[in-house]
Each structure stands twice: as structure tokens, then as C-alpha cells.
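In case you want the letters, here they are:
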Amino acid sequence: MEILKMLGQILLLVLGFVFMIKGADIFVDGASKIAVKCNIPEMVVGLTIVAMGTSAPEAAVSIKAALSPEGAGITVGNVLGSNIINILVILGVTALIAALPIKKNTLRIDIPFVIAASIMILGMGYFDGVLSRLEGVIFYIVFIIFLVYLVISAKKGNSESDSIVITEKDKAPRLILFIIIGLALVVVGSNFTVNAASYIAGKLGMTERLIGLTIVAFGTSLPELVTSCTAAKKGQTDIAIGNIVGSNIFNILFVAGTTMLITPVQFEKNFLVDGIMAIVAAVLLWVCSVRKKRLTKPGGIVMLAVYAVYFAYIMYKNYMS
């Protein structure tokens, strides 16, 4: 009976990921087309709605977990874990498929911005063990500054967005329905994910922190993994690093910031190692890319090896200490 219940929870976990990923996709499609119909520049849509939509699974899970008495570990673990996986695993795997060019602005501004944001969340959380609403306001201010930079950079021709095609079927009522359905799927999916993850964590002897850093973080990073690997196979390698770096900034400033504004988030002392690893991952990406202005296969191998060591460490600490 217990085995059947565990299998049921695993099924709910997978279903939660599917709902969130599909819901975010439907939401982005509907919201983007509505925005273009309202004469909002496509460039701005691509840099805001689309980017926030890809962070919707992380946001939904983090907010749901933060509001659950037992889920605080999942909240911080999901943000830090997603950022670590995005760089070390997703870019590591993508670099094995094809060398990834990296733009000058990404090296000079975006990656240092990720490093600074990672230091922010680690410093603020570790200092007093809580990420407060006031700190959430600070995150949002920095987030707005980053958005302004993105728009200015795009206007100067340093950023591109995908073309948003409007068809005759795309009537306003239909698009609004898409937005509602997309958001509903994300919310329902986050409920399934957090509840199932908490149950599985308890039964497998995993802490909320560990399951947030691994299972939940990987599940919410699936859109980035699929997008990056598909782009690399199609030869569209110029978008991979920029998308991942942008996603990491959104995860910290938008996802963590939104969660903190809704409710203060507990920051366990154990997250010190994970916060440092998030910083190390961003620094490693910069080091592996700065000389040749591209992330090559050797760099990808190093990044995957670093993640393997980190993964082995957190599993050891969970089960052996």
C-alpha cells in the first residue's frame, strides 16, 4: 500500500511539472500576443513577459512552498538549485553538443550581474537567517534596474527577441482565456509539485532543502534544458548562454523577490554551501568563456564535473551526517 502511495506521489510530481511547463508556455503565448495587440513593442514583450513566463514554474513553486509551514527549504533550494543546474548542467550539456558563443555584453555585464545577485541573496539570507519583505523590496528595485538596462541594451541593437506572429484566430477573448488557463495550470501544477515533493522528501529521508536543490530545481529547469539543447542542435547557439544567464537573474530578483514580498522566507544556515556554489557556477562560466568568447566542450566537461562533485557532497551530507 505504501509503495502504491509513493508511486502516486511521484506521478503527481511529474504531472505538476507538466502542468507548470505547459501552463507557462500557454501563458507566455497569450500574454505576448495581447501585449503586441496593445501596441507594446515586441522587443519589450520578449524581454519582460516571455522572460517572466519562463520563470513562472520557479515562482509558483517558491511562493506555494513559502506559504507552507514545512516548505521553506524548498523555496530557497528551488531558486539556488535552479541557478546551479541552469549553468553547470544545462550549459554543460549544451556545450557538449555545440560550442556556445558569448556576447561581449553578457561577459561584461550580465554574468557579473548574476554573481552580484547571488551574493545579495546569500548575504541577506545568511546574515539573520531570514529573507524579509524589506529585502524583497530591494530585490525588486534591482530587478527594475536590470529591466531598464535590458530595454536600453535592446534599443541599441544588443539584444534580439523572437518574432511574435499574430493570426486571425488570435482574438482578444481567446487570448485572455489562454492567459487564465496558463496561470491556472501553473498554480495547480505548483500545488501538485510542492505537496508531492514534501511527501517524497519525508519518505526518502531527504530534507526539504535537498529536494528543493535537486528534484524540484531540475523539474522547474526543464524548459531551459529543452530550449538550450534544441537551439544547439539547430545551430542557434547564440541564444543559449544569454537565455540561461537572464533566467538566473530573473530567478533571484523576480522569483525570490516576489516570494519575499508575499511572506518572509527562512534561510537555513545549510544554504551557505549552496549559495557559494551558485556564485562559483557563475564565476566558472565567466572563466571558461572569457578567453575565447565562447563556452567549448572542455568547459562543459569541467562544469558537469563540478556539479557531480557538488551533487555527491549534498547527498553525502543528507544521508551520512
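Each residue is numbered by its place in its chain's sequence as written, counting from 1. Per-residue local features of the predicted model are confined to residues with pLDDT of at least 70, and side-chain atom pairs are confined, for both listing and counting, to 80 or more; whole-chain, interface and lining totals are unaffected and use all residues. Think of the side-chain values as coming from all heavy atoms in the structure, minus any hydrogens and water.

Numbered from the N terminus, helices here are DSSP runs of H or I no shorter than four residues, and strands are runs of E no shorter than two. The secondary structure content of the protein amounts to twelve helices and four strands. Note that the radius of gyration is over C-alpha atoms, with the globule rule given as 2.2 Å times the number of residues to the power 0.38. In terms of overall size, the protein behaves like a compact globule, its C-alpha atoms giving a radius of gyration of 19 Å where 321 residues would be expected to give roughly 20 Å. Taking the principal axes of the C-alpha coordinates as reference, the protein spans close to 55 × 50 × 40 Å. Out of the 321 residues belonging to the protein, those deemed buried represent 52%. Contacts were defined at the residue level, with two residues in contact if any of their heavy atoms lie within 4.5 Å. For the protein, long-range pairs separated by at least 24 residues make up 86% of all intrachain contacts whose partners lie at least 6 apart in sequence. Seen as two clouds, the 25 positive and the 18 negative side-chain charges of the protein have centres 7 Å apart. With a 1.4 Å probe rolled over the protein chains alone, any residue whose accessible area is under 20% of its type maximum counts as buried; one over 50% counts as exposed, and the rest are partly exposed. His is not counted here, nor are the chain ends, while Lys and Arg score as positive and Asp and Glu score as negative. Every charge is mapped to an atom, namely NZ of Lys, CZ of Arg, CG of Asp or CD of Glu.

Between side chains of opposite charge, a pair can form when the charged atoms approach closely. For this analysis, a salt bridge means a side-chain nitrogen from Lys or Arg found within 4 Å of a carboxyl oxygen belonging to Asp or Glu. The full count for this structure, using the stated rule, is four salt bridges. Residue lysine 203 pairs with glutamate 2 through a salt bridge whose shortest N-O separation is 3.4 Å. Taken together, the residues lysine 203 in helix α7 (residues 172–204) and glutamate 2 in helix α1 (residues 2–37) connect sequence positions 201 residues apart. On the basis of relative accessibility, which here comes to 45%, the residue glutamate 2 falls in the partly exposed class. Between lysine 22 and aspartate 25 there is a salt bridge whose closest N-O contact spans 4.0 Å. Placement of the pair is lysine 22 and aspartate 25 together in helix α1, with a separation of three residues, close to one helical turn. The class for aspartate 25 is partly exposed, based on a relative accessible area of 47%.

Moving on, we come to the packing of aromatic side chains. Remark: the centre distance and the inter-plane angle together describe each pair of aromatic rings, the angle taken between the planes. What counts as a ring pair is set by centres within 6.5 Å for rings of Phe, Tyr and Trp (its six-membered ring), and what kind of pair is set by the plane angle: stacked under 30 degrees, edge-to-face over 60, tilted for all other angles. Evaluated as defined, the whole model comprises eleven aromatic pairs. In textbook terms, an aromatic cluster arises when at least three aromatic residues are bridged by ring pairs, as seen for Phe113, Tyr140, Phe143, Phe146, Tyr149, Phe250 and Phe254. Here, a charge over a ring is recorded when the distance from Lys NZ or Arg CZ to the ring centre is within 6 Å and its angle to the ring normal is within 35 degrees. The ring of tyrosine 126 carries the charged tip of lysine 269 above its face, separated from the ring centre by 4.5 Å.

On to the nonpolar core, then. What is meant by a nonpolar core is a set of buried Ala, Val, Leu, Ile, Met, Phe, Trp, Tyr and Cys residues, joined one to another through side-chain atoms within 4.5 Å. In terms of nonpolar packing, the biggest core is built from 81 residues, with Leu88, Phe139, Leu253 and Leu285 touching the most fellow members. Apart from residues no more than four positions distant in its own chain, leucine 88 is found in contact with Met277, Ala281, Leu284, Met303, Leu304, Val306 and Tyr307. Among the nonpolar cores identified, the runner-up in size contains six residues, and Ala31, Ile34, Leu175 and Ile179 belong to it.

Attention now goes to the confidence of the model for the protein. A residue's pLDDT is the confidence the predictor assigns to it, expressed on a 0 to 100 scale. Mean pLDDT over the protein stands at 84; residues scoring 70 or higher make up 91%. Per-residue pLDDT, averaged within each element of the protein, yields its smallest value for helix α2 (residues 42–54) (63) and its largest for helix α11 (residues 271–290) (95).

What follows deals with the environment of leucine 67. Along the chain, leucine 67 falls in helix α3 (residues 56–67). Separated by 83 residues in the primary sequence, leucine 67 and leucine 150 have C-alpha atoms spaced 31 Å apart. Setting aside anything within four residues of it in sequence, one finds leucine 67 in contact with Ile262 and Thr263.

Looking now at the side chain of threonine 220. Considering the arrangement of structural elements, one finds threonine 220 in helix α8 (residues 208–220). Here the side chain of threonine 220 touches alanine 217 through a polar contact of 3.2 Å, landing on its backbone oxygen. For threonine 220, the residues in contact, after removing those within four places along its chain, are Phe17, Met20, Pro57, Glu58, Val61, Asn78 and Ser82. Whenever two N or O atoms come within 3.5 Å, that pair is a polar contact, provided that in protein one can donate a hydrogen and the other can accept it, and provided that, for residues adjacent in sequence, both atoms are side-chain atoms.

Turning to α3, a few remarks are in order. Expected helix span is computed as 1.5 Å times (number of residues minus one). Between its first and last C-alpha atoms α3 spans 17 Å; for twelve residues at 1.5 Å apiece the expected length is 16 Å, and the two agree. Burial within α3 is extensive, with nine of its twelve residues counted as buried. Every buried residue belonging to α3 is among Ala56, Pro57, Glu58, Ala59, Ala60, Val61, Ser62, Ala65 and Ala66, and all of these are buried.

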